[in-house]
Amino acid sequence: MSFKQKHTYNKKINVIQNLDAIVFQNILECVKKGTCVTNLDQYYANEIHILDVKLNRIDLWRSDYFKYVKEIIIANTVVERLDAQLLSGLKELNEFTLNSSRLTEIDENAFDGLTKLTTLDLRVNQIVELKAGWFKSLKSLKNLYLAENRIKELPDAIFGTLKKLNSLNLSRNRIEIVKQSSFQGLVSLTILILDVNQLTQIEPKSFDNLADLKILRLRNNQLSQLDAQLVQNLRSLEEIGLDFNLIESLDKNFFRANKKLARTSFRSNPLKSLHPEFISSLKGNFRVDFNNAEKFPYFNSNELDSLEIYHTSQRTLNKYSFAALPSVKRLILKFTEIGEIEENTFKGFNILAWLSVENSKLSSLSAKMFNKLPSHFCHLSVLSNRIERIDADTFKCRRELRSLNLGRNLLRSLADTTFHQLENLIQLDMSHNMLEELPPNLFRDLTRLNILDLEDNKLRSLSPKLFDNMRSLEKLMLKRNCLTKLTDPKLFKGLRILFIFGSFLFLIDFLWIPIGYLLIFFLDLLIFN
């Protein structure tokens, strides 16, 4: 081992089992800036910047040994009580982590004097009650993580002294009510996470003083009703998550004042309807679950960038499904009953670039389905439908298409001209179908195709002309087919990666494989020619 290697290796220090006034029964790992440490005495301890004692059981602690430490990590151990002596005198401490340690009780003065502490992580413990005195000295705290505890209540103004706090995570607790004064004083808060609690009520004006809040997450709770003005004072709000609640409706002006809102997620609620004025006020990305409603509302919004619709029983898309959505670039429809797309359905989309109709019931594709898509439309996915037929001219006018996903359908054959004129296509997925044969000229115009996935079909042979013009093809997946022969040197010219797992190749000629290219074979049976 060279000196350089040895020096680098020893930046992460050694196993020390017994150390003066500190008893460790497993491993003490200390990282000291640029120094090769073999013994940790008081002199060295005073210079340590990061102290990591995960997976230990600490019986005795001398905080004066680590008075210059900046970060302490204690995890996966047993520290049921955090007393005032543990962190006493650590005036340089910036980050303190004590998680997965069965912590239940904290002394009121445990954090006294930690004026430089910016991050406090107490996740995955057994804290039941928050006490007012805990945070009074943490004037510099920016990040507070209390997720995965057993907290039931948020006392009035419990975080009131944390004027610089940016991020507060209270997810996976047992909180039932957010009071008007719960977050009083958090004037700098930008991220508030309350996911996976037992929230049934959020009092009006609970968030009124959070003027800088950008991200609010209330997912996986039991909220059935939200005050119409709950988020109206959150002028900086950019993202809100309300998934997996019991909300049936929202006031038409609920998001009217949130001019910066870019992402709204409203999945898995028993939603009955959305007011037209509510829809028109939407901005950015909107995700919604219609709980298998027979028809989703008429969408008309000038500022919506992305629309995702899940779980609707609507069977047909037509020109009345979407009104004017001139700014929408991405439309996603998943887990629906949609089996038909009529002509002119996408007439109101001026700049749509990405369309996904997945996990639905489409049985065929035709040109009229996509006739009103913009000329620059470039990404189409119909993954996991029931498609048996694709008309020969379906993609004839889609020259700008970059990616096409036809995977997990019921395709048995394709017309020779199906992909003609798709000269800009880069990725094509036809995996998990029932294709037995590919026409010789099927890929004639795919000169820029980089990735082709034909995995899990019933292909028995490949025409020597099939890949003639595919000069850019680098990755080809042929796993789980019925191929028995690969001997033509023209077949994969220029190919860099080839996957052939689960095919019964009885004849293969390796002589045509260019040196330096990567060929990966996972074969059930292989006999060399």
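Residues numbered from 1 in each chain as written. Predicted model: local features only at pLDDT ≥ 70, side-chain atom pairs only at ≥ 80, totals over all residues. Heavy atoms only, no water.

1. Structural notes on the pattern of salt bridges
Here's step 1: Under the defined criterion, the tally for this structure stands at 21 salt bridges.
Here's step 2: Of the charged contacts in the structure, one is a salt bridge between Glu239 and Arg263, with a shortest N-O distance of 3.2 Å. Here Arg263 lies in strand β17 (residues 263-266) and Glu239 lies in strand β16 (residues 239-241), a separation of 24 residues in the sequence.
Here's step 3: A relative accessible area of 15% places Glu239 in the buried class.
Here's step 4: Between Arg330 and Glu308 there is a salt bridge, with its nearest N and O atoms 2.9 Å apart. Here Glu308 lies in strand β19 (residues 304-312) and Arg330 lies in strand β21 (residues 330-334), a separation of 22 residues in the sequence.
Here's step 5: Judged by relative accessible area, Glu308 falls into the buried class, the value being 5%.
Here's step 6: Shared partners join several salt bridges into a network, and the residues in it are Arg81, Glu105 and Asp107. (Salt bridge = Lys/Arg side-chain N within 4 Å of Asp/Glu carboxyl O. Helix = DSSP H or I, 4+ residues; strand = E, 2+ residues; numbered from the N terminus. Buried < 20%, exposed > 50% of the residue type's maximum accessible area, 1.4 Å probe, protein only.)

2. Focus: the packing of aromatic side chains
Here's step 1: This structure, assessed with the given rule, holds 12 aromatic pairs.
Here's step 2: Among the aromatic residues, those joined into a ring-pair cluster are Trp134, Phe135, Phe159, Phe183 and Phe207.
Here's step 3: The aromatic ring of Tyr145 is capped on one face by Arg123, whose charged end is 5.2 Å from the ring centroid.
Here's step 4: A cation over an aromatic ring shows up here: Arg267 above the ring of Tyr310, its NZ or CZ 3.8 Å from the ring centre. (Phe/Tyr/Trp six-rings, centres within 6.5 Å; stacked < 30°, edge-to-face > 60°. Lys NZ or Arg CZ within 6 Å of the ring centre and 35° of its normal.)

3. Re the side chain of Ser356
Here's step 1: As for its position among the elements, Ser356 is in strand β23 (residues 354-358).
Here's step 2: Reaching out from Ser356, the side chain makes a polar contact with the side chain of Trp354 at a distance of 3.0 Å.
Here's step 3: Not counting residues up to four positions away in its chain, the partners in contact with Ser356 are Leu331, Ile332, Leu333 and Ser381. (Polar contact = N/O pair within 3.5 Å; in protein donor to acceptor, adjacent residues only side chain to side chain. Contact = heavy atoms within 4.5 Å.)

4. Describing the confidence of the model for the protein chain
The predicted coordinates ought not to be read in detail in places where the model reports low pLDDT.
Here's step 1: Here the protein chain averages 82 in pLDDT, and 78% of its residues register 70 or above.
Here's step 2: Long-range and interchain partners of residues 1-45, a stretch whose pLDDT sits below 50, account for 73 contacts in this model, where long-range means more than four residues apart.
Here's step 3: Taken together, the stretch residues 505-529 has pLDDT below 50 and engages in 62 contacts with residues farther than four places along the chain or on a different chain. (pLDDT = per-residue confidence, 0-100.)

5. Thoughts on the environment of Tyr145
Here's step 1: Mapped onto the fold, Tyr145 is located in strand β10 (residues 143-145).
Here's step 2: Each C-alpha atom of the pair Tyr145 and Leu170 lies 6.8 Å from the other, and the pair is 25 residues apart in sequence.
Here's step 3: In this view, Tyr145 contacts Thr119, Leu120, Asp121, Leu122, Arg123, Ser167 and Asn169; residues no more than four positions away in its chain are not counted.

6. Focus on the nonpolar core
Here's step 1: Membership of the largest hydrophobic core comes to 127 residues, with the highest contact counts inside it found for Phe96, Phe111, Phe159, Phe183, Phe419, Phe443 and Leu452.
Here's step 2: Secondary-structure elements contributing two or more residues to this core are β5 (71-75), β7 (95-99), α3 (276-280), β18 (284-293), β19, β21 and β23. (Core = buried A, V, L, I, M, F, W, Y, C linked by side-chain atoms within 4.5 Å.)

7. Some words on the side chain of Glu455
Here's step 1: With respect to the helices and strands, the residue Glu455 is situated in the loop between β29 (451-453) and β30 (475-477).
Here's step 2: With a relative accessible area of 10%, Glu455 lands in the buried category.
Here's step 3: Apart from the residues lying within four places of it in its own chain, the contact partners of Glu455 are Ser431, His432, Met477, Lys479, Arg480 and Asn481.

8. Here we look at the environment of Phe244
Here's step 1: Inspection of the secondary structure assignment puts Phe244 in the loop between β16 and β17.
Here's step 2: Owing to a relative accessible area of 42%, Phe244 belongs among the partly exposed residues under this scheme.
Here's step 3: Contacts of Phe244, omitting those with residues within four sequence positions, involve Asn220, Asn221, Arg267, Ser268 and Asn269.

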